[in-house]
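Given next are the chains, with one letter for each unit.
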Amino acid sequence: MKIKKFIKNIKDFFDENKNEYDLILQILEELEDKKSSLNKKLSKSNLDKNEKENLKNNIKIVDELIAKIEKKREKLDRKLT
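Below is a summary of the structure that appears in this document. (Residues numbered from 1 in each chain as written. Predicted model: local features only at pLDDT ≥ 70, side-chain atom pairs only at ≥ 80, totals over all residues. Heavy atoms only, no water.)

### Here we look at the overall build of the protein chain
Quick reminder of the rule: Numbering of helices and strands starts at the N terminus; helices are DSSP runs of H or I of at least 4 residues and strands are runs of E of at least 2. Restricting the calculation to C-alpha atoms gives the radius of gyration, and the globule rule supplies 2.2 Å times the number of residues raised to the power 0.38. Residue exposure ignores everything except the shown protein chains as possible cover, and the areas themselves are Shrake-Rupley values with a 1.4 Å probe. When charges are counted, neither His nor the chain ends are considered; positive counts come from Lys and Arg and negative counts from Asp and Glu. Throughout, a charge is located at the NZ atom of Lys, the CZ atom of Arg, the CG atom of Asp or the CD atom of Glu.
Looking only at helices and strands, one finds two helices and zero strands in the protein chain. For 81 residues, the compact-globule formula gives about 12 Å, and the C-alpha radius of gyration of the protein chain, at 19 Å, lies well above that figure. A total accessible area of about 6,800 Å² is found for the protein chain, and carbon and sulfur atoms account for 54% of it. The protein chain carries 22 positive and 17 negative side-chain charges, and their two centres are separated by 4 Å.

Structure follows, in structure tokens:
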């Protein structure tokens, strides 16, 4: 009986982490899309200095989020293997 419970707990653990991993990949994809969009806006020449600074700051924020989420993904990779 304890072995069945133990196996179920392991299965639940991996299922939960798999869902979290899939969500992390989805978030990373969305952030990459956002970064691409911001870079396209930044490349427009009709922006004033403040708009360009705001876009650069937003890109920096997105890069920081991507780095944090990548660390989380790597941590989950190690946990799942």
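Let us keep going from here.
### A look at the nonpolar core
Heads up, the rule is: Residue types Ala, Val, Leu, Ile, Met, Phe, Trp, Tyr and Cys, when buried and joined through side-chain atoms within 4.5 Å, form a set referred to as a nonpolar core. For every residue, the accessible area (1.4 Å probe, protein chains only) is compared with the maximum for its type, and the residue is labelled buried under 20%, exposed over 50%, or partly exposed between those bounds. Only heavy atoms matter for contacts: two residues are in contact if any of them lie within 4.5 Å across the pair.
One finds Tyr-21, Ile-24, Leu-28, Leu-31, Leu-38, Leu-55, Ile-59, Val-62, Ile-66, Ile-69 and Leu-76 forming the largest nonpolar core, which totals 11 residues. Broken down by secondary-structure element, the contributors of at least two residues to this core are α1 (2-43) and α2 (49-80). Among the elements that line this core, the one with the most residues is α2, at six residues. In contact with Leu-38, other than residues within four places in its own chain, are Leu-55, Asn-58, Ile-59 and Val-62.

### Quick word on the pattern of salt bridges
We count it as follows: We define a salt bridge as a contact between a side-chain nitrogen of Lys or Arg and a carboxyl oxygen of Asp or Glu at a distance within 4 Å.
Taken as a whole and assessed by the stated rule, the structure comprises four salt bridges. Among the ionic pairs, Asp-63 bridges to Lys-35, the shortest N-O distance being 2.8 Å. With Asp-63 in helix α2 and Lys-35 in helix α1, the pair connects residues that are 28 residues apart, well separated along the chain. A relative accessible area of 31% places Asp-63 in the partly exposed class. The class of Lys-35 is partly exposed, set by a relative accessible area of 24%. The shortest N-O distance in the salt bridge between Glu-70 and Arg-73 comes to 2.8 Å. In this pair, Glu-70 and Arg-73 both sit in helix α2, three residues apart, roughly one turn of the helix. Owing to a relative accessible area of 24%, Glu-70 belongs among the partly exposed residues under this scheme. For Arg-73, a relative accessible area of 18% translates into the label buried. In the salt-bridge network here, residues are joined through shared partners; they are Glu-70, Arg-73 and Asp-77.

### Observations concerning a nonpolar patch on the surface
The condition that has to hold: Two distance rules govern patches: like charges are joined within 9 Å, and nonpolar side chains (Val, Leu, Ile, Met, Phe, Trp, Tyr) within 5 Å, applied only to residues with over 30% relative accessible area and no salt bridge.
Residues Ile-10, Phe-13 and Phe-14 make up a contiguous nonpolar surface patch of about 230 Å² in total accessible area. Mapped onto the fold, Phe-13 is located in helix α1.

### With respect to the environment of Glu-30
By the element assignment, Glu-30 lies in helix α1. Linking Glu-30 and Leu-42, residues 12 residues apart in sequence, is a C-alpha distance of 18 Å.

Read these as spatial facts, not as claims about activity.
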